[in-house]
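Now for the letters of each chain:
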Amino acid sequence: MYNKAETSKIRTEFWIAFGQYMKPIPNAEGRRINWPNYKTGVRNIYFRMKAERDFASIGIELGHSDEELQELYFDQFSLFRKMLEGTLEEEWEWKLLDQNEFGQPVSRIEKVLPNVNVMNPDDWPEIISFLKPRIIALDEFWGIVKPGFES
């Protein structure tokens, strides 16, 4: 069992390693990017990557506090579903008005890799291999559809 400090240190080491691994890879526009802290540039739309004790995940999170606007964004993404899943080369799970870890309503479009543990460095290559192609594909997709979400 790990204490809080050890857990935090290991998680930080993972994200540093992931960032270093991704650093030489430019975004779809050819620019340098901080992949672990990807910024969509549109308020309340986030690309979230998680590495936990029993899974890793990547997804689009819609966090607008107004549930109607959140649903509108979700519907907008639904219009691009075939393009998104074509770019990703796989289907993702779509969850309208789910809850985040703080109990707030969020909508998610995500993919989960079960049975990996960020606390086990032996799992890091599998987690990185899961996250890398998906965040790159999300960036490519976002470069095309982002103008439709900017106000």
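Note that the structure is a prediction, hence the values are computed from the model and not measured. (Residues numbered from 1 in each chain as written. Predicted model: local features only at pLDDT ≥ 70, side-chain atom pairs only at ≥ 80, totals over all residues. Heavy atoms only, no water.)

**Quick notes on the packing of helix α1 (residues 4–22) against helix α4 (residues 124–145)**
Pairs of packed helices are described in terms of their axes, by the angle between the two and the distance that separates them. Short version of the rule: Axis definition: a line fitted to C-alpha atoms, limited for helices to the stretch in contact. Angles are taken between N-to-C directions and run from 0 to 180 degrees. A run of H or I in DSSP counts as a helix once it spans at least four residues, and a run of E counts as a strand once it spans at least two, with each numbered from the N terminus. Orientation labels follow simple angle bins: below 35 degrees gives roughly parallel, above 145 gives roughly antiparallel, 65 to 115 gives roughly perpendicular, and whatever is left gives oblique. By convention the crossing between two helices is left-handed if the near helix lies anticlockwise of the far one by an angle smaller than a right angle, and right-handed if it lies clockwise. Residues are treated as being in contact if the distance between any of their heavy atoms lies within 4.5 Å. Amino acids are sorted into nonpolar (Ala, Val, Leu, Ile, Met, Phe, Trp, Tyr, Cys and Pro), charged (Asp, Glu, Lys and Arg) and polar (every other residue, Gly among them).
Two numbers describe how α1 lies on α4: the axes approach to 11 Å, and their chain directions differ by 50°. The orientation of α1 with respect to α4, classified from their angle, is oblique. In the crossing of α1 with α4, the sense of the turn from one axis to the other is right-handed. Touching Ile10, Glu13, Phe14, Trp15, Ala17, Phe18, Tyr21 and Met22 of α1 are Trp124, Ile127, Ile128, Leu131, Lys132, Ile135 and Ile136, all from α4. A per-class count over the contact of α1 with α4 returns 13 nonpolar, no polar and 2 charged.

**Concerning the packing of aromatic side chains**
We apply this condition: Each Phe, Tyr or Trp ring, with Trp reduced to its six-membered ring, pairs with another whose centre is within 6.5 Å; inter-plane angles below 30 degrees give stacked pairs, above 60 give edge-to-face pairs, and intermediate values give tilted ones. Relative accessibility thresholds used throughout: buried, under 20% of the residue-type maximum; exposed, over 50%; partly exposed, between the two (1.4 Å probe, protein chains only).
All told, the structure shown has 15 aromatic pairs when counted by the stated rule. The interplanar angle of 75° and the centroid separation of 5.7 Å between the aromatic rings of Phe47 and Trp142 together place this pair among those described as edge-to-face. With Phe47 in strand β1 (residues 45–51) and Trp142 in helix α4, this residue pair connects regions lying 95 residues apart in the sequence. Per residue, the accessibility class of Phe47 equals that of Trp142, and both read buried. With 6.2 Å between their ring centres and 50° between their planes, Phe80 and Phe149 make a pair best called tilted.

**Focus on the confidence of the model for the protein chain**
To be explicit about the condition: Scored from 0 to 100, pLDDT records how confident the predictor is in each individual residue.
When pLDDT is averaged along the protein chain, the result is 95; 99% of the residues meet or exceed 70. Looking at the elements of the protein chain, mean pLDDT is at its lowest for strand β3 (residues 93–99), recorded as 94, and at its highest for α4, recorded as 98.

**Regarding unusual backbone geometry**
A positive phi angle, near 70°, is found at Asn44, a position not held by glycine. Note on placement: Asn44 falls in the loop between α1 and β1. Although it is not a glycine, Glu89 sits at a positive phi angle of roughly 60°. Structurally, Glu89 is set in the loop between α3 (81–88) and β3.

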